[in-house]
Amino acid sequence: MRAVVFEHHGDPARTLFLTELPLPDTPSGTARVRLLSRPVNPSDVMFVKGEYGREARFVPVESRGPVSPVGFEGAGYVDQVGPGVSLQPGSRVAVAVTGTWQEYVTAPLDAVVPLPHDLPLDAACQFTVNPFTAHLLLADLRLEAGDTLLLTAGTSTVGQMLMCLAHHRGIRCICLARDSEQATRLEKLGVELVVSAQDHAATDEVRNLAGSSGVAAALDAVGGQQGALALKCVRDGGRHVVYGSMTGRPFPVPTDAPLFHGVTIEGFWLPRHMEKLSARALRELTSTVTRQLVDHTLATPVEARYDLADVHRAYAHHARSGRSGKIVLTG
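This is a predicted model, so every value here is computed, not measured.

Draft legend 1. Summary view of the overall build of the protein chain. When you go through the protein chain residue by residue, the secondary structure sums to twelve helices and 17 strands. Against the 2.2 N^0.38 benchmark of 20 Å for 331 residues, the protein chain shows a C-alpha radius of gyration of 20 Å, consistent with a compact globule. Based on the C-alpha atoms only, the size of the protein chain along its principal axes is roughly 60 × 40 × 35 Å. Considering the protein chain as a whole, with its 331 residues, one finds that 53% of them fall into the buried category. Across the protein chain, the fraction of contacts at a sequence separation of at least 24, relative to all contacts at a separation of at least 6, is 67%. Of the roughly 15,200 Å² of accessible surface on the protein chain, a fraction of 51% belongs to carbon and sulfur atoms. Averaging the positions of the 31 positive and the 34 negative side-chain charges in the protein chain gives two centres separated by 1 Å.

Draft legend 2. Focus on the sheet that holds strand S4 (residues 59-61). The four strands lie next to each other as S2-S1-S5-S4, forming an open sheet whose pairing is antiparallel. Pairing within the sheet leaves two strands with one partner each, and these edge strands are strand S2 (17-20) and S4. For this sheet, the mean inter-axis angle between neighbouring strands, taken without regard to orientation, is 60°.

Draft legend 3. Expanded view of helix H2 (residues 42-49). When we look at burial in H2, the residues that qualify are Ser 43, Asp 44, Val 45, Phe 47 and Val 48. Among the structural elements, strand S1 (2-6), helix H1 (12-15), strand S3 (30-39), strand S5 (64-69) and helix H12 (311-319) are those in contact with the buried residues of H2. Where H2 terminates, the next one or two residues include Gly 50, which has phi positive at roughly 85°.

Draft legend 4. Focus on the side chain of Asp 147. Turning to its location among the elements, Asp 147 is positioned in the loop between helix H4 (130-141) and strand S10 (148-151). Of the side chains bearing the opposite charge, Arg 235 lies closest to the buried Asp 147, which forms no salt bridge; the N-O distance is 4.4 Å. Separated by 2.8 Å, the side chain of Asp 147 and the backbone nitrogen of Glu 144 make a polar contact. Among residues more than four places away in sequence, those in contact with Asp 147 are Ile 171, Arg 172, Ala 216 and Arg 235.

Draft legend 5. Structural view of the packing of H4 against helix H5 (residues 157-168). Where H4 contacts H5, the two axes come as close as 9 Å, and the packing angle between them is 45°. Put simply, H4 runs oblique to H5. As H4 runs across H5, the sense of the crossing is right-handed. On H5, the residues that touch Asn 130, Pro 131, Thr 133, Ala 134, His 135, Leu 137 and Leu 138 of H4 are Thr 157, Val 158, Met 161, Leu 162, Leu 165 and Ala 166. Of the residues in the contact of H4 with H5, the class split is nine nonpolar, four polar and no charged.

Draft legend 6. Focus on the pattern of salt bridges. By the definition in use, this model includes ten salt bridges. The salt bridge involving Arg 2 is made with Glu 103; its shortest N-O contact spans 3.1 Å. In this pair, Arg 2 sits in strand S1 while Glu 103 sits in the loop between strand S7 (92-95) and strand S8 (104-108), placing the two residues 101 residues apart along the sequence. Owing to a relative accessible area of 19%, Arg 2 belongs among the buried residues under this scheme.

Draft legend 7. Focus on the sheet that holds strand S13 (residues 215-220). Strand order in this open sheet of six strands is S12-S11-S10-S13-S14-S15, and the pairing throughout is parallel. If you trace the sheet from one side to the other, it starts and ends with strand S12 (194-196) and strand S15 (264-267), each paired once. Taken pair by pair, the neighbouring strands of this sheet meet at an average axis angle of 20°, ignoring direction. Alignment of strand S14 (residues 234-242) against S15, held across four bridges, turns out to be parallel. Considered in S15, the bridge of Arg 239 is made with Thr 264.

Draft legend 8. Looking closely at the packing of aromatic side chains. The full count for this structure, using the stated rule, is six aromatic pairs. Taking 5.9 Å as the distance between ring centres and 85° as the angle between the ring planes, the aromatic pair formed by Phe 6 and Phe 47 counts as edge-to-face. Here Phe 6, found in strand S1, pairs with Phe 47, found in helix H2; they are 41 residues apart in sequence, far enough to count as distant. Put simply, the rings of Phe 6, Phe 47, Tyr 52, Phe 58, Phe 72 and Trp 269 touch in pairs and so form one group of aromatic residues. Sitting above the plane of the Tyr 104 ring, Arg 34 keeps its charged end 5.3 Å from the centroid.

Draft legend 9. Focus on the pairing of S1. Within S1, five of the five residues are buried, leaving the element largely enclosed by the surrounding structure. Of the two faces of S1, both are covered, the one formed by Arg 2, Val 4 and Phe 6 as well as the one formed by Ala 3 and Val 5. Looking at chain direction, S1 and S2 are connected through four bridges and run antiparallel. Note on S2: the bridge partner recorded for Val 4 is Leu 18. Both S1 and S5 contribute to a ladder of two bridges, which runs antiparallel.

Definitions and limits used
- Residues numbered from 1 in each chain as written.
- Predicted model: local features only at pLDDT ≥ 70, side-chain atom pairs only at ≥ 80, totals over all residues.
- Heavy atoms only, no water.
- Helix = DSSP H or I, 4+ residues; strand = E, 2+ residues; numbered from the N terminus.
- Rg over C-alpha atoms; globule rule 2.2 N^0.38 Å.
- Buried < 20%, exposed > 50% of the residue type's maximum accessible area, 1.4 Å probe, protein only.
- Contact = heavy atoms within 4.5 Å.
- Areas by Shrake-Rupley, 256 points an atom, 1.4 Å probe, with all protein chains shown as cover.
- Lys, Arg positive; Asp, Glu negative; His and termini not counted.
- Charge placed at Lys NZ, Arg CZ, Asp CG, Glu CD.
- Pairing = 2+ DSSP bridges.
- Axes fitted to C-alpha atoms, helices over the stretch in contact; angles between N-to-C directions.
- Salt bridge = Lys/Arg side-chain N within 4 Å of Asp/Glu carboxyl O.
- Polar contact = N/O pair within 3.5 Å; in protein donor to acceptor, adjacent residues only side chain to side chain.
- Parallel < 35°, antiparallel > 145°, perpendicular 65-115°, else oblique.
- Left-handed = near helix turned anticlockwise from the far one by under 90°.
- Nonpolar A, V, L, I, M, F, W, Y, C, P; charged D, E, K, R; others polar.
- Phe/Tyr/Trp six-rings, centres within 6.5 Å; stacked < 30°, edge-to-face > 60°.
- Lys NZ or Arg CZ within 6 Å of the ring centre and 35° of its normal.

Structure representation (structure tokens):
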């Protein structure tokens, strides 16, 4: 089977390559899935660079040194099942395992999600990361109707999902844009409250928009100076949650924020929060996400699709600023 792998951490443009790997087996309690579509997520890129919270496992393959698979989610159909598995071959599924940037993957049952046939592949392949991130981020904040939430990365898929879910709960969202160009894109998406981080009075603008109640919480997926600016906007006793680092740069934390203003600074990592869910809570959330993707409550825009063999073009496209949707690997 075809697989995108890497032999050492580094720039994906240099380290990723396509190779042939043997088909994986199907031990007891697992299903082998023929993947048809998988998104390029920021976490995938961080993983290849060696900057993610999960370590790569380099496995020796015939005729070359050890390689690591890439990709954490995808969608396709069940190809083969191991003993004790009731899933039927041909069933449409999404998977959440390491190594989805290949044609086949074996996954334990708790990492396989059966999907309705009317869910398009573009949405199905994005099922297990962004929607769950958006839902759990908001649930963890426990904001109330009328509260104000500040977002960086508002044009990202997660950012758009967060705004949609927040709107349904009566939570006001302010987007802190990277620059005027991104601010314009947010306005074209229908976002009413947008502030450019390049504006010298950005902090005052955010506070004016938030009103007397202030910014209850900030959700930051960017880091760097934009993340630092978001932190400055949070009201006394508020929360600043980091759930990504698109710039790859740390942001300076002034001691007065936690010391004198009681702002809580914390991180959010989806795998850790998923582990905390009870079986019942996971079933309910999965059902909710399925319904919202099918009825388009949550949008999963795709800007371009590339075959696995074109992984370098796909990564280059992913790295461009100003994208309107995900880059998806097919094949």
